Each structure stands twice: as C-alpha cells, then as structure tokens.
Amino acid sequence: KRADDEKKLFGDSSSEKKEVTAETSNEEKEDNTSIEEANTSTKDVADNSITKAAKSDIAIDDNDCEDEEESLVVEDATLNWTDADQVIFREVKRINVNDPGAAAIVKEDRINGTPVVLVGHVGWANFAQRWLTEKKAETKEAPSDSHISTAELPHEKAKPSNGNVINLDLSTEKYELDIPKMIKDIGDEDVPVIKRNYDEVKPIHGTIPAAKFLSECWPSSESEAELQDSKKKGAKFYLHQWQFPLSDTAGGKLCHQNNPLPNGIMGEDLLKYWLDLPQCKLDSPLQYIFMGRTDTNSRLHKDPGGLEISIAPISGQKECVLVHRDDSRCLYHLTASLDEIDLQRFPLLSQARVYKTVIKPGEILLMPNGTYHQCRNVTPCLSYSRFHLDTVNLLPFVMSLVNGDAPEIEHRDVLWNLASALIKKVDEVVDLVQDRVLAYRVVTDVVTGDTRETVETLLALRNFIREVARRDEVNKAVKGPGDKSKEELKPELHDFGVLAADVDVCLHDYRYRESKEIPKLKSRKGKALTNTLSKGVRKNCVGRDLNKFMIDNKPVVVFNSSLENNYMSLRNADVEKHYPLANKHKVGKALIGKLTIGDMLACRLEQKCVKAEVLEVLPQMKAAYISFEDYPSVYDEYQPFDLLRLPSGDEITHNDIKPGLVVLDFSNTNEYRAVVQSTIDGPMVRVKLIVSQHTLTRLVSPAMILGRYMGRWGSSGKKGSSDSDGKKAAPGGIVSPSTTSDVSDIAVEEES
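Residues numbered from 1 in each chain as written. Predicted model: local features only at pLDDT ≥ 70, side-chain atom pairs only at ≥ 80, totals over all residues. Heavy atoms only, no water.

Remarks on the overall build of the protein
Each helix and strand counted, the protein has 19 helices and 25 strands in total. In the protein, buried positions account for 43% of the 752 residues. Sequence-distant contacts, at least 24 apart, represent 74% of the contacts inside the protein between residues at least 6 apart. When the accessible surface of the protein is split by element, carbon and sulfur atoms take 50% of a total near 41,500 Å². (Helix = DSSP H or I, 4+ residues; strand = E, 2+ residues; numbered from the N terminus. Buried < 20%, exposed > 50% of the residue type's maximum accessible area, 1.4 Å probe, protein only. Contact = heavy atoms within 4.5 Å. Areas by Shrake-Rupley, 256 points an atom, 1.4 Å probe, with all protein chains shown as cover.)

Structure, rendered in structure tokens:
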C-alpha cells in the first residue's frame, strides 16, 4: 500500500530524470523567448515615446476636453459600493482563559455558535515538546575551538522538584521545529497526505511514511519556504488529518500529555470514554495533526457529527475564515466563494456572519459545532486539532446520531460507553459513603467537585439516553427488527431502555447516599408503544395475525388508523399469479406515455392491489421514495426532490439526494423525518389511490403500475365508461383473472 501510494503521489523515479530534462529545455526556451520579447518591447517603447513627443501639442487640447467630461461624474465615496465591501469579515474575539468571567463568556458563545480564540493557556500541545528546539540566539559565530552543545528540547529543561512536567508555552515564539528529531520520533508512522489546495470532490490522496513527507514535502529552509520550490514534487502535498491516537506507537507517545483548559472554559471531554485502546484510553481518540507549506488551504466546509473543533498552531500561522452555522442558506450549498465575492449570483452572501482571523502558536481557535470554516497557511504550519464533546453540545451530538450525518462516528457506542463509565464512577462514591455511614464515620469529604461534575453530566446525559431509547422503541414497533443480526440485537449491548433504567438507579442511590437505608426507587414508566393491531388491546378489537402484513420482517401496518384498516380489508395482490406479465413486459413503462387525466389504473401498494385515478401525467420528475421514521411502510411514498430538506432545514442539491440520506418532508404543514430508500428520474403519474373507503394522493412510478383498471369502469379503463362485456368484477374492484383478461395483458396488448 505504501509503495502504491508513493508511486501514485510522487511518480516513478525512473521517469523523473526525463521530466527534469524536459522542464530544463522548456525553461531555456522560455528564457530565450522572454529575452527577445524584452528587446522588442524596449524598441517599441522608444518608438512610442518619440511619436508621443511629436504629437504632444495636439494631445494637450484633447486631454483638457476629457478632463472636463470626467469632472461631470461625481462618485459618493461615503458608502461601500463593491461586492467585496458588502461582505463584512468580523474579527474573532480573543478571550484570556485566566480572566474572571472567561468561563461564562466562552460558554455563552459556544451555545450561540460564535467562534472565539482562547489565549493565556500553556501546555495545550505538550506532546510537541519532543519536536521543538529553542531558536538559536543571533550572535557572532563562536571560535572554532569552542564547543557549543545542541539546543535542548523544551521538555529537557530542569523540572520542578515535585516531578511535574513543565507546560509548553508556545506564545513566547522562541521555539522552532526540529525536523531531524521529528523523523527520529515518528518517521516510521504512516501518515495521510493529499494534494495541496484541494478543491476536488475526490482529492488526490494516499498514505506514506512520515519520514518521506518530512524530508521531501516540508521546506528544508526559510529560503525554500519563500520560493515555494514548485519543481519539487513533494511540495505539492499536505499532511492532512493524521489521527495519531489510533497508532499503537504514536498514540503511546503523544496521548495523555496535554494540559486541559481551566475548569469552566470547556467541560470534561466526554469522548475520552469512547474507545478502550491501551494507547489512548481515557484520552480522546479524535486528535489530529495537520502540516503543510505556505498557502496550503482547504475549501469551505463544515464537519458533521455535532462535535466542536479546536485548532492550535504549534509552528507557523494559519488564517481561518469562518461562517456562522445558522447562515448556511447564505452560502448556496457552498457554491458561493468568499475569495471572489459575486453578489450578482449569490446576493444573500452579504447577510452571512463571516469571521476572519490569523492564529499563531499559543492561541486556540474554538469553533462551535456546525461552524463552516476554511483554512490557509500564512507560513509553513504544523497545527494540532481535536474534536470535543461535553454537556453544551450533547444535543447536536445526539441529533447527529438521529440524522445519521456522520457514520464514521459511532454515536451509540460513545453514549453507551460514556454512561457506563460515569455510572461506575458514581457507584464507587455511593459505596464509599454507605460504608462510612454504616460505620458512623464522617462522609462530608468524600464528594469532591469532580464528583459533582460527573453527577451533573449524568443528569444531563440521562435525558438523551431516554430519547434514544424512545426512538428505538418507536422504530422497533413501526419498522420491526428488520434484517439485523442476532449480535446486534443483544440487549446488553444495544438496549438503551435498560441503560436508562441503570442511570435512574445510579442517580437515585447518589441522591440518598447518606441514608442508613437507601429507599427503593419508584420507577416512572412511560406508556409503552406497542403495535395496536397485533393484539386485542381495546374492547371489541379483534387481534390480527400481522405476519400476513410483513415485508422483509418489517411491518406494513401498525396503528389502528383509517388508512391501515382499509388497507387490510383489501385482497392481496399476488403479482406473479394475477399479473404474470406486469414485471416481465414492463407494463407500466409502456402504458405511462398513453395515459390521460381520468384514466383508471391498477397500482401496487405494498402487498395489495388498489385502483387509482390519474390526476396528472408527469413526463419527467425527479423524486425520492422515502420511508417515514415513525410510521410503518404503508405510508412510504415518493416525494419530489424540491420538497425535501436536510434535518437542519437547509435545501439539498439534487446530486446529494441518495439512498440512506435522512431528510425532512415539507409536503405537509408538519415536518416529517424520513430516510431515502431509492430515487427516480423519469416519467411518473400523480394519482388518487382508492384504498377501500380511504383515498390519498400519491406519485407512482412505472414499476408500481400493474395495468389499466378493468372492474366496474369497463374495458376502456376510463372513469364513467360501461363494462361492455358484463363480466363480474372481483370483490376488490379488479376483474377476476378467471373471468376476463389480465389487466397486464391489456397493457401489453396495447403496447404491441
């Protein structure tokens, strides 16, 4: 894999000489051409100057006239008229973490979605001490016979007598990267690289040894950094998002080194409870290194998942342009550029809350969840980034789980492991207090500030766990177990209802921890959501065998509603038996172009066949077949792309509507959450489905059309026409296959 990626990124070494020779010859030609052009231009300038001098007397009068005309045009200079001037780039405010009230200000900004830069904190990137050396003082060169030792690493300085590590203060700007030390420390690690200034949907990327990147892609000197040696292939690449905690070796060296922010600035990072890997246990696995040359940049984007992001330069400076998370509508699906502002095409861009700042070592840019951002290296830059989760952004984190917008983050595992770890911590405190109470000993010193913070976190977490449990219950009732494996259905692994009960017991015990006998918890059980059609849960309600109404182990009906009851009263549509040619000859595809308003069709609705009246024929329609989150499959339907939105309410580009996407259906006054099952781009028909005594308007695809409806309307399939052959219709209104032609046969006959 390394060899393939190196070949893809750097090319064959054998062909490099040929390329260099070709480049050299081209450069020589360009140089000769430029010299000839320079000589020609010099001669032209001399000739032009003589000509201008000869005509200067005449030109004076013309210039006077032009000046008089220009003086008639007066511009108001008190307002900003250009497009660029109308987009305000706000400065990101800087907050010293040691100032009184800093914690309250930061929390308020995080809740409101406002980015901030934190200053005054040391040790945030302590792991980088092993890669830094103090800059040499600018002094005269020492005599050759004197011995000068290599500059010490910051962490090699004398430590306090208590053995505590000295926190790295990058704000002093007295350190520089020591590339040989980096190569020695992490050179064998595999790191991801991509092409610099990546704007492509699929940027060129690969994995190479860190030593190769550091030696061939990083500038070896300041002069090279300024020249931006474009001939060097490595200069084109950028170390992008190296997740070092997942490396057995690098994680063991670099994790658990950093000095956390003061209490209150940010809550305890709950991501540290996610994974149980030895190298990063009780430290966040979502920590990253970025490294690139000057002008390395990224396109404007946001990171899904509901997590907050921090960026801290270790060496060099980085420019960050940010857009408030609520102003996505002003970005036109991220097609509006903040580099070349065009308000003619993107007028609402002028209303976006845009921020711009340059961060340097010793500063930490904090971006609330959902913030749009793009970054550019002002100088060659090594930066450290990490995601963060605490009680402030638990809601967007859980909504990300619901929306399924970040499948790479295992939200359920994070919540499960987090709750389990907090329960264990609180239970240990309760057990200790109980032991002291029974022994008549003092208990006031057992509960610390950290314990209270843990309990407060668990209190907040309980409500989110209950919500996940509620959604699981609804999903199981209306969607069934589906095709999940037995491993996934183990209650001890995935039953959030059980976990919510465990949290309740834990908090109850903590509440009464100082009692000699903790009272029994009176559990509050909500009304269970069950399939109301599966049993006789009401008086005079007949229990039904819902196995007849299952597709792929998923219920078609659940609730005792008008639509579902009428649906169950219909006869089954055995397509293979009653409509053997419907699929084989693609009857719907052949028939759809011949339909007119008022025609009667036989359409498929799950396992049933229903009659439908044509309301509108749509020659071309882009639509998605969606399955609603809280409703069984009989409610599944097609909806036009234009009526779908992201869960955030943002519009969706048509290319982004794909199976598995969670959307909101705006076709009704209420918003319904659904999942895209499939899409269609072709002819469709809007019909009125007649489900026994219930009617509903739906879009149907050619695959859902079984043929013309023959029943009481006659052979023409037109509403109001008579049954010419007088044959008796079947109970469902469909002509019985035993007494007349199959409806699909009619469609096929018309096609032939």
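After presenting the structure, the write-up continues.
Looking at empty space enclosed by the protein
Over the atoms, a rolling probe the size of a water molecule traces out where space has been left empty. Applying the stated rule across the entire model yields five cavities of 30 Å³ or more. Roughly 100 Å³ of internal volume is contained in the largest cavity. Along the walls of the largest cavity sit 14 residues, with H121, W124, A125, L170 and G362 positioned nearest its centre. The residue makeup of the lining of the largest cavity, split by class, is eight nonpolar, four polar and two charged. Size it by volume and the second largest cavity reaches roughly 60 Å³. Put simply, the parts of the chain that give the lining of the second largest cavity at least two residues each are β10 (308–315), β13 (364–367) and β15 (381–388). (1 Å grid on protein atoms, 1.4 Å probe; cavity = no way out; pocket = protein on both sides within 12 Å on 5 of 7 lines; lining within 4 Å. Points joined across faces, edges and corners; volume = space filled by probe spheres on them. Nonpolar A, V, L, I, M, F, W, Y, C, P; charged D, E, K, R; others polar.)

Examining the sheet that holds strand β11 (residues 318–323)
One open sheet accounts for four strands, arranged β1-β12-β11-β14; its pairing is mixed. Bordering the open sheet on either side are β1 (89–91) and β14 (372–377), each of which pairs with just one other strand. Neighbour to neighbour, the strand axes of the sheet diverge by 30° on average, direction disregarded. With six bridges joining them, β11 and β14 adopt antiparallel strand pairing. Bridge pairing in β14 places K318 opposite N377. (Pairing = 2+ DSSP bridges. Axes fitted to C-alpha atoms, helices over the stretch in contact; angles between N-to-C directions.)

A short note on the sheet that holds β13
Spatially, nine strands are ordered β2-β3-β13-β10-β15-β9-β8-β6-β7 in an open sheet, and the strand pairing comes out mixed. Since the sheet does not close on itself, it has two edges, and those belong to β2 (94–96) and β7 (205–209), each with one partner. Going from strand to strand, the sheet's axes swing by 30° on average, the running direction of each strand aside. The sheet strands contacting helix α1 (residues 2–10) are β6 (190–195), β7 and β8 (237–242), and the helix crosses β7 at an angle near 120°.

Details of the state of the cysteines
In a disulfide, the sulfur atoms of two cysteines are covalently bonded to one another. Counted under the stated rule, the structure contains zero disulfides. The thiol sulfur of C381 is not disulfide-bonded, and the nearest other cysteine sulfur, from C320, lies at 8.7 Å. (Disulfide = S-S within 2.5 Å.)

A closer look at the confidence of the model for the protein
Mean pLDDT over the protein works out to 80, with 73% of the residues at or above the 70 mark. For the protein, per-element mean pLDDT is lowest for helix α19 (residues 743–751), which scores 35, and highest for β13, which scores 98. Contacts from residues 535–542, a stretch scored under 50 in pLDDT, to residues over four places away or in other chains number seven contacts. (pLDDT = per-residue confidence, 0-100.)

Quick notes on helix α10 (residues 394–403)
An α-helical segment advances 3.6 residues per turn. Residues three or four places apart therefore align on the same side. Looking at α10, one finds that the buried residues are L394, F397, V398, S400, V402 and N403. Its buried side turned inward, α10 meets α11 (411–438), α12 (449–479), β22 (662–665) and β23 (672–691). Looking one or two places after α10, you find G404, whose phi comes out positive at around 65°.

Concerning the packing of α11 against α12
Direction vectors running N to C along α11 and α12 enclose 140°, while the axes themselves pass 10 Å from each other. The angle between the axes of α11 and α12 places the two elements in the oblique class. Where α11 crosses over α12, the handedness of that crossing is left-handed. Residue-level contacts link R412, L415, L418, A419, L422, I423, K425, V426 and V429 of α11 to T451, T454, V455, T457, L458, L461, I465, V468 and D472 of α12. (Parallel < 35°, antiparallel > 145°, perpendicular 65-115°, else oblique. Left-handed = near helix turned anticlockwise from the far one by under 90°.)

Looking at the packing of aromatic side chains
A full pass over the atoms with the stated rule returns 15 aromatic pairs. Residues Y238 and F290 carry aromatic rings whose centres are separated by 6.5 Å and whose planes lie at 35° to one another, so their mutual orientation is tilted. Remark: F290 occurs in strand β9 (residues 287–292) and Y238 occurs in strand β8; sequence separation between them is 52 residues. For the pair Y238 and F290, one class covers both residues: buried. Ring-pair connections join several aromatic residues into one group, and the members of that group are W124, F127, W131, W242, F244 and Y384. Between the NZ or CZ atom of R513 and the centre of the ring of Y510, over which it lies, the distance is 4.2 Å. Between R645 and the ring centre of F666, over which it is positioned, the NZ or CZ distance is 5.8 Å. (Phe/Tyr/Trp six-rings, centres within 6.5 Å; stacked < 30°, edge-to-face > 60°. Lys NZ or Arg CZ within 6 Å of the ring centre and 35° of its normal.)

With respect to the environment of D656
Mapped onto the fold, D656 is located in the loop between β21 (644–645) and β22. Residue class for D656 comes out partly exposed when judged on its relative accessible area of 47%. For D656, the side chain forms a polar contact with the side chain of T653, separated by 2.5 Å. (Polar contact = N/O pair within 3.5 Å; in protein donor to acceptor, adjacent residues only side chain to side chain.)

Looking at the nonpolar core
Membership of the largest hydrophobic core comes to 58 residues, with the highest contact counts inside it found for L365, L458 and L461. Residue contributions to this core peak at 12 residues, all from α11. Beyond its immediate stretch of four places on either side in the chain, L365 contacts V92, V116, V117, I309, S310, I311, C320, L322 and I359. W242, L261, I314 and I364 belong to the second-largest nonpolar core, a separate cluster that totals 48 residues. (Core = buried A, V, L, I, M, F, W, Y, C linked by side-chain atoms within 4.5 Å.)

Structural notes on the packing of α10 against α11
When two helices pack together, their arrangement is given by the angle between the helix axes and by the axis-to-axis distance. α11 packs onto α10 with a crossing angle of 135° between their chain directions and a minimal axis gap of 9 Å. When the axes of α10 and α11 are compared, the pair comes out oblique. Contacts between α10 and α11 pair L394, F397, V398, S400 and L401 from the former with H411, R412, V414 and L415 from the latter. Classifying every residue of the contact of α10 with α11 by side-chain character gives six nonpolar, two polar and one charged.

Notes on helix α6 (residues 179–186)
Buried within α6 we find I179, M182, D185 and I186. For α6, the angular spread of the buried residues around the axis is 125°, confining them to a single face. When the buried face of α6 is taken as reference, the exposed residues oriented beyond 90 degrees from it are P180 and K184. Where the residues of α6 are buried, they touch β5 (175–177), α7 (210–216), β8, α9 (248–254), β9 and β15. (Arc of directions from axis to C-beta.)

Some thoughts on the environment of D83
Structurally, the position occupied by D83 is in helix α4 (residues 83–86). Given a relative accessible area of 27%, D83 falls into the partly exposed group. Residues D83 and I341 lie 258 residues apart in sequence; the distance between their C-alpha atoms is 6.3 Å. If sequence neighbours within four positions are ignored, D83 has contacts with I341, D342, L343 and Q344.

What to know about unusual backbone geometry
Located in the positive-phi region is Y440, a residue other than glycine, with phi close to 60°. When you line up the elements, Y440 lands in the loop between α11 and α12. Of note in this structure, E606 is not a glycine but carries a positive phi near 55°. On the secondary structure map, E606 appears in the loop between β18 (600–605) and β19 (608–628).

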